[in-house]
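Observations on chain architecture
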Amino acid sequence: MSLLRGLLGMELIGTSVRLFLDFQEKLASLDMRNLRFALKQEGHSRRDMFETLTRYAFPLAHSLPIFAFLNEEKFNVDGWTVYNPVEEYRRQGLPNHHWRITFINKCYELCDTYPALLVVPYRASDDDLRRVATFRSRNRIPVLSWIHPENKTVIVRCSQPLVGMSGKRNKDDEKYLDVIRETNRQISKLTIYDARPNVNAVANKATGGGYESDDAYHNAELFFLDIHNIHVMRESLKKVKDIVYPNVEESHWLSSLESTHWLEHIKLVLTGAIQVADKVSSGKSSVLVHCSDGWDRTAQLTSLAMLMLDSFYRSIEGFEILVQKEWISFGHKFASRIGHGDKNHADADRSPIFLQFIDCVWQMSKQFPTAFEFNERFLITILDHLYSCRFGTFLYNCESAREKQKVTERTVSLWSLINSNKDKFKNPFYTKEINRVLYPVASMRHLELWVNYYIRWNPRIKQQQPNPVEQRYVELLALRDEYIQRLEELQLASSAKLSDPSTSPSGPSQMMPHVHTHF
Amino acid sequence: MEFSELIRTGRAQAKLLRGPEAPPLRGTLCVTGHHLLLSPGPQATSDLWLLLLRRVDSIEKRVSGDSGTITLRCKDLRVLQLDIEGVEATLDIARSIEALSSLESVITSFPFFYRPKGLRLGDAWHFHPPERYYKRVARETNAWRLSEVNEDFSLCPSYPRAVIVPRAVDDDALARCARFRQGGRFPVLSYHHAPSGTVLLRSSQPLTGPQKRRCAEDEELLRAALAGARPGAWGFILDTRSAQAAKQARVTGGGTEAKAAYPGWKRLHRPLERGWPLQESFVRLVEACGDLEQSMDRWLSQLEACHWLAHVKEALSTACLAAQGVGREGACVLVHGAEGTDSTLLVTSLAQLILDPSSRTMAGFQELVEREWIQAGHPFQLRCAHSAFSHARPKHEAPTFLLFLDCVWQLGRQFPLSLEFGEGLLLALFEHAYASPFGTFLCSSEKERCLCEVRTRTHSLWSGLNQPKEQRKLRNPLYVPNPLAIWPSVELQTLRLWQGLFLRWIRPPEPSEVAWEKVWQIMTDKKTEGCEPTVSASEPRL
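The structure presented is a predicted model; accordingly, all values stated were derived computationally and were not measured.

Parameters and conventions
- Residues numbered from 1 in each chain as written.
- Chains lettered and ligands numbered in written order.
- Predicted model: local features only at pLDDT ≥ 70, side-chain atom pairs only at ≥ 80, totals over all residues.
- Heavy atoms only, no water.
- UniProt positions renumbered as here; feature names shortened; annotations may be inferred.
- Helix = DSSP H or I, 4+ residues; strand = E, 2+ residues; numbered from the N terminus.
- Axes fitted to C-alpha atoms, helices over the stretch in contact; angles between N-to-C directions.
- Parallel < 35°, antiparallel > 145°, perpendicular 65-115°, else oblique.
- Left-handed = near helix turned anticlockwise from the far one by under 90°.
- Contact = heavy atoms within 4.5 Å.
- Nonpolar A, V, L, I, M, F, W, Y, C, P; charged D, E, K, R; others polar.
- Buried < 20%, exposed > 50% of the residue type's maximum accessible area, 1.4 Å probe, protein only.
- Pairing = 2+ DSSP bridges.
- pLDDT = per-residue confidence, 0-100.
- Phe/Tyr/Trp six-rings, centres within 6.5 Å; stacked < 30°, edge-to-face > 60°.
- Domains from an automatic or database assignment.
- Buried area = accessible area lost by both parts, 1.4 Å probe.
- Salt bridge = Lys/Arg side-chain N within 4 Å of Asp/Glu carboxyl O.
- Polar contact = N/O pair within 3.5 Å; in protein donor to acceptor, adjacent residues only side chain to side chain.

Remarks on the UniProt feature "domain: Myotubularin phosphatase" (unreviewed entry) in chain A
Feature annotation in UniProt places "domain: Myotubularin phosphatase" (unreviewed entry) on residues 79-454 of chain A, given in this structure's numbering. Helix makes up 41% of residues 79-454 of chain A and strand makes up 8%, while its end C-alpha atoms are separated by 28 Å.

Rendered as structure tokens:
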């Protein structure tokens, strides 16, 4: 039995297992860690051990359940309640005169990879939406991701139009984009950011896709952002892995790092997101973002731009909502990209798109040390559980599949773990700022390899002491709580002393926010 | 000599561009003996802008039509552009700056005229002499003494008046040792590691020459150093040249210690780059950092091609080796290269920073720089005559001190709580080492400083830095005393380009400054509130 529990733990790690005949078994795992088991020759048979490992490491291939469905952990916070789309859109001031919430996709009939609840222009009827859906790859129509609270320009996301070789047009789609543009009367042109390199967009015409042409869309301007596809990203990360594992590249570290192009890809993603954020924040134009299917690069761009624009997403809960909304609910194909429990690790669908997004967030947090409520450990924890299958959060490709599997009822959310022990993930230097737009410097000079993540299993990179800053964080947080509590007590005591409490009923509550700004 | 002879023109109208972030300044440009001034005119709100002419590393002029442009590249790596009305004025100003910024005379330099408010001459000059360090050593051990054999600098022109030597060796023996070492730099104590009783020594190369000469007193001195540590102690000699280079030095009269002559001592070679190759690496790095036109996808290989980070790695790992010998293996360590004034000091000072918690405080670090660099005779006047932009043919320039500061910065990055000072102090030291209104980094040795009366006629940088208004820029708000040795990781994967220095004038400074300010605010809030509980705890609770 203890063996079995150990193996359930193994499932947290594995993607591929290879058998070595030299009494060693080796696991190559997704988070760039290799484990080797040296077994005593007598007793258990190695082959048995290996087979058991494989069974539990890749349960789907052996028709076993994923660990998250067996996990009986209990937390005092329910992470599944963190994201409520209606509340999130209400926070953004939606619906309003120009945008409405629609339940047209309630049963995932319009688009099976979109969430049930969508925000669309007020002037577009449900029939319009259905007609637009026929012209967009996998029916992923343009819907609102974020609206600027003041200038009311918006970020809209979708998939590529089905233009094809013949250069097909669709009046409804053209009209729909114009309706989006007109939700803000100040703008004369809608900006379309196609995340792909120009050539790739053209090549997509061969398979029925394409991009919005100038002829068909008079009131739109299209820019390509030159971000490469999932295959390029996968190969790039593989090269990063090759230079840090099993041995760290010594003699030509920087040039071999350069030859992986990983930081260059990070730069392009960040640059794209900055352009989106700048267009919207300057009020010059609303922005429509798409790539091919609108679930990889599009999710990176919209979520990073939202992180730059909206300080709410820089808090712990805000970031959870951002991930839940732009990635999980809008159908980033986590199951295909990560391959949870699947043994076919060479599958062409695998790609570290979400990891790349988290890397970009880390780069931003490096450049703005006071802007984020969360710390590095928060980001690493998210990535660890992206692969672990301990929580249901990142399982399956889209909301409809998750609903079918009753993921929220049968598994625990990652946010339960994090929110029940938030202090561990807090950045004590966080300063809450409203309305500050962050523009990171996306120059190669200012980007670094995330050593604490990619090379963390290498003992030579580790410092001898546990991270001193982190320890200090904890001390600082404890102190802060102590003082807040003390202050509350003092304020209660002083307000109790006042002869007529009705003259200053809001005394303590007025003072509290003031106290908070100190930290 | 009168400065007025060098000033070709009094004034001109000009526009000053200070990089991408700062707004341009307009006003009247004026050259004085030591400064370039830009006075924005009576109606403007901004203050006078001032540049110390010594700070100019290279100057470039261009004229077109009836105006001209002067580009000033400064020793602190800043690039300034002046647009000046009038061709004649441009050329005159350029010539004046050229002449005044390259004056070699020490006693007419600005520190001899600088009289800031609130500072008294001679105040901090006795702040960090070796005598002070000796007092500490004497508390810890009895095996060493302070010798004033070099009182008149006759034994060794680059040593201070007083040095710490084994008690068992008398002054006459020292005089003979001095003749056996290049430049008279006989082995002296650099650091006494109290927990293990072992010591770190430094010297220059022995003058063994092709005949393999020996010197009984020198051998005796090193034997006494071992005996002072503990009976049966052993040591190693860390030569900062390759074995090959050390051997070759014999041809020119130098060399290295013969194994047979120094029982108990082993020899190790750790070649460190010095001189022109190091300067070239610095120049190439600054070039790469300033080259904004060039496509960025080659940045990392360009950075690698400069080898600067490789030099940082080598310096840190050699210092770790020395520190490991003293701190962990209970060995005495003697460090020397050829002259013993460059990479030797780099290694001994870094090793102390790794081992000794007191050198990581604000005062302790200043003392370390004073004792191990300035008093120890690092030739600042020669090494820092020009920085990375100069077109002049380099003679003795080398950024050894900058390399030291970079290594300290790497330590601070890896141990964010263990240094009492922050990046601000390191940046200030870099700036002042190359051009300063203070006298601290003037001249190349104590002897020269005495001749020029630097101590009585200029202000010390330490008194300038230790003014209360400077503290917030220089101190590390997160500092917590750390009694342990701090062993850095020296792998290239953990070393970083020091952006705060090399990209200082290129990157937008705002977010990092905001963050620094925020950290200060949090820490001061914490401290002031930290007093509260103790007060209220003494009061009876209601």
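Quick notes on the packing of helix 10 (residues 297-309) of chain A against helix 11 (residues 316-329) of chain A
Residue and element names in this part refer to chain A. Where helix 10 meets helix 11, the closest approach of the two axes is 10 Å, and the angle between their N-to-C directions is 150 degrees. Our classification of the angle between helix 10 and helix 11 gives roughly antiparallel. Crossing hand, helix 10 versus helix 11: right-handed. Where helix 10 abuts helix 11, its residues Ala299, Gln300, Thr302, Ser303, Met306 and Leu307 lie against Phe319, Leu322, Lys325, Glu326 and Trp327. Considering only residue class, the contact of helix 10 with helix 11 consists of six nonpolar, three polar and two charged.

Observations regarding the pairing of strand 7 (residues 154-157) of chain A
Residue and element names in this part refer to chain A. In strand 7, alternate side chains face the same way, and those of Val154 and Val156 on one face and Ile155 and Arg157 on the other are all buried. Note: strand 6 (residues 143-147) against strand 7, four bridges, orientation antiparallel. When the bridges of strand 7 are listed, Trp146 appears paired with Ile155. Between the end of strand 6 and the start of strand 7, which pair antiparallel, lie six residues, with Lys152 showing a positive phi angle near 65 degrees. Bridge analysis of strand 7 against strand 10 (residues 287-290) gives three bridges, and the strand direction is parallel. If you follow Ile155 over to strand 10, its bridge partner there is Val287.

A look at the sheet that holds strand 13 (residues 265-269) of chain B
All names here are of chain B. Taken together, five strands build an open sheet; the order of strands is 10-11-14-12-13 and the sheet is mixed. Bordering the open sheet on either side are strand 10 (188-193) and strand 13, each of which pairs with just one other strand. Sheet twist, expressed as the average angle between the axes of neighbouring strands with direction ignored, equals 20 degrees. Of the strand pairs in this sheet, strand 12 (residues 235-239) and strand 13 are connected by five bridges, and their pairing is parallel. The residue bridging Leu238 from the neighbouring strand is Leu268, located in strand 13.

Brief notes about the confidence of the model for chain B
Residue and element names in this part refer to chain B. In this model, chain B carries a mean pLDDT of 88, and residues with pLDDT of at least 70 account for 92%. Confidence scores differ between elements of chain B, with helix 19 (residues 510-538) showing the lowest mean pLDDT of 61 and helix 9 (residues 343-355) the highest of 97. Considering only residues more than four positions removed or in separate chains, one finds that residues 530-542, a stretch of pLDDT under 50, has seven contacts.

Considering the UniProt feature "domain: Tyrosine specific protein phosphatases" (unreviewed entry) in chain A
According to UniProt, the positions carrying the feature "domain: Tyrosine specific protein phosphatases" (unreviewed entry) are residues 260-322 of chain A. For the annotated span residues 260-322 of chain A, helix accounts for 65% and strand for 6% of the residues, and the straight-line distance between the end C-alpha atoms is 29 Å.

Re the packing of aromatic side chains
Residues and elements named next belong to chain A. Taken as a whole and assessed by the stated rule, the structure comprises 40 aromatic pairs over all chains. Here the aromatic rings of Phe394 and Trp415 are separated by 6.5 Å at their centres, their planes lie at 80 degrees, and the arrangement is edge-to-face. Note that Phe394 is positioned in the loop between helix 14 (376-388) and helix 15 (399-404) and Trp415 in helix 17 (residues 414-419), a separation of 21 residues in sequence. Grouping residues by exposure puts Phe394 and Trp415 together as buried. Through pairs of rings, three or more aromatic residues link up here, namely Phe319, Trp327, Phe334, Phe354, Phe357, Phe372, Phe374, Phe378, Phe394, Trp415 and Phe425.

Structural notes on the domain arrangement of chain B
Residue and element names in this part refer to chain B. With domains assigned, chain B is organised as domain 1 (4-103) and domain 2 (129-507). Taken over C-alpha atoms, the centre of domain 1 sits 37 Å from the centre of domain 2. Taken together, the contact between domain 1 and domain 2 spans 13 residues of the former and 19 residues of the latter. Summed over both sides, the interface between domain 1 and domain 2 buries roughly 1500 Å², with carbon and sulfur atoms accounting for 61% of that surface. Where domain 1 packs against domain 2, one counts one salt bridge. Salt-bridge contacts for Glu431 lead to Arg55; the nearest nitrogen and oxygen are separated by 3.9 Å. Here domain 1 and domain 2 share nine residue pairs in polar contact (both at pLDDT 80 or more) between them. Here the residues of the side of domain 1 that touches domain 2 are counted per class, giving five nonpolar, one polar and seven charged.

Some thoughts on the pattern of salt bridges
Opposite charge on two side chains makes pairing possible when the charged atoms of those side chains draw close. If you walk through the whole model with that rule in mind, you get 54 salt bridges over all chains. In this structure, the salt-bridge partner of A:Arg436 is A:Glu433, at a minimum N-O distance of 2.9 Å. Since its relative accessible area comes to 27%, A:Glu433 is described here as partly exposed. Where salt bridges share partners, they join B:Arg132, B:Arg202, B:Glu367, B:Arg371 and B:Glu372 into one cluster.

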